[in-house]
Amino acid sequence: MQKVESFKLDHTKVKAPYIRKCCVLDGVNGDKVTKFDLRFLQPNAETFGTAAIHGLEHLLATYLRETLDNIIDLSPMGCRTGFYLIMWGEVEPQAVKEGLESALDMVLKVNEMPAASAIECGNYKDLSLFGAKEYAREALEKGFSLNIYGE
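Figured I'd write up the structure that's included with this text. These numbers come from a predicted model, not from an experiment.

1. Some details on the nonpolar core
- Membership of the largest hydrophobic core comes to 32 residues, with the highest contact counts inside it found for L38, F40, L60 and L85.
- Looking at this core, the elements with two or more residues in it are β2 (32-39), α1 (50-67), β3 (71-76), β4 (82-88), α2 (93-109) and α3 (129-142).
- A total of 6 residues in this core trace back to one element, the largest contributor, which is α1.

2. Structural notes on the packing of α2 against α3
- In contact at an axis separation of 9 Å, α2 and α3 are set at 140° when each is read in the N-to-C sense. Overall, the two elements α2 and α3 adopt an arrangement that is oblique. Here α2 and α3 pass one another in a crossing that is left-handed. In this structure, α2 uses E101, L104, D105, V107 and L108 to contact α3, whose residues at the interface are A132, K133, A136, R137 and L140.
- Taken together, the residues of the contact of α2 with α3 sort by class into 6 nonpolar, no polar and 4 charged.

3. Points about α3
- Taking 1.5 Å per residue as the helical rise, α3 with its 14 residues ought to reach 20 Å, and the 20 Å between its terminal C-alpha atoms agrees with that figure.
- Among the residues making up α3, those that are buried are L129, G131, A132, K133, A136 and A139.
- Of the surrounding elements, those touching the buried residues of α3 are α1 and α2.
- If you check the start of α3, you find a side-chain oxygen 2.8 Å away from the backbone N of G131, and it comes from S128.
- After α3 finishes, the residue G143 shows a positive phi value of roughly 85°.

The rules behind the values
- Residues numbered from 1 in each chain as written.
- Predicted model: local features only at pLDDT ≥ 70, side-chain atom pairs only at ≥ 80, totals over all residues.
- Heavy atoms only, no water.
- Core = buried A, V, L, I, M, F, W, Y, C linked by side-chain atoms within 4.5 Å.
- Buried < 20%, exposed > 50% of the residue type's maximum accessible area, 1.4 Å probe, protein only.
- Helix = DSSP H or I, 4+ residues; strand = E, 2+ residues; numbered from the N terminus.
- Axes fitted to C-alpha atoms, helices over the stretch in contact; angles between N-to-C directions.
- Parallel < 35°, antiparallel > 145°, perpendicular 65-115°, else oblique.
- Left-handed = near helix turned anticlockwise from the far one by under 90°.
- Contact = heavy atoms within 4.5 Å.
- Nonpolar A, V, L, I, M, F, W, Y, C, P; charged D, E, K, R; others polar.
- Expected span 1.5 Å × (residues − 1).
- Polar contact = N/O pair within 3.5 Å; in protein donor to acceptor, adjacent residues only side chain to side chain.

Next comes the structure, spelled out in structure tokens:
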């Protein structure tokens, strides 16, 4: 059985917040796809509340697309410590860092949650704009490292 890429990461050694380029995949037609680990919180020590991570997902799904091109998807991690970002092409972490920081700055300025209705979201009652902003502010204050060991 093939081991999942993220299960190979020693979660006891990393220092959040960080941006990690997980892999670049080659499609059968020659397309490249890059996967990033956008880690906001320290694994096995902190977790997002569900309403806050859900809210930040809505906000980043919206505003990252204004700061970065070629986004396929942004998805919350099941462990609730960050997000996976999937993009077309071979993308460098510095570009993602700049785009993420700009998007988080935008998050801090908004006054309403995007896609916050039963029509647009499958769990629209579990969204926290306040919580999303607090985590965005904290991550920006700490700063995202491109070194997962914080060195």
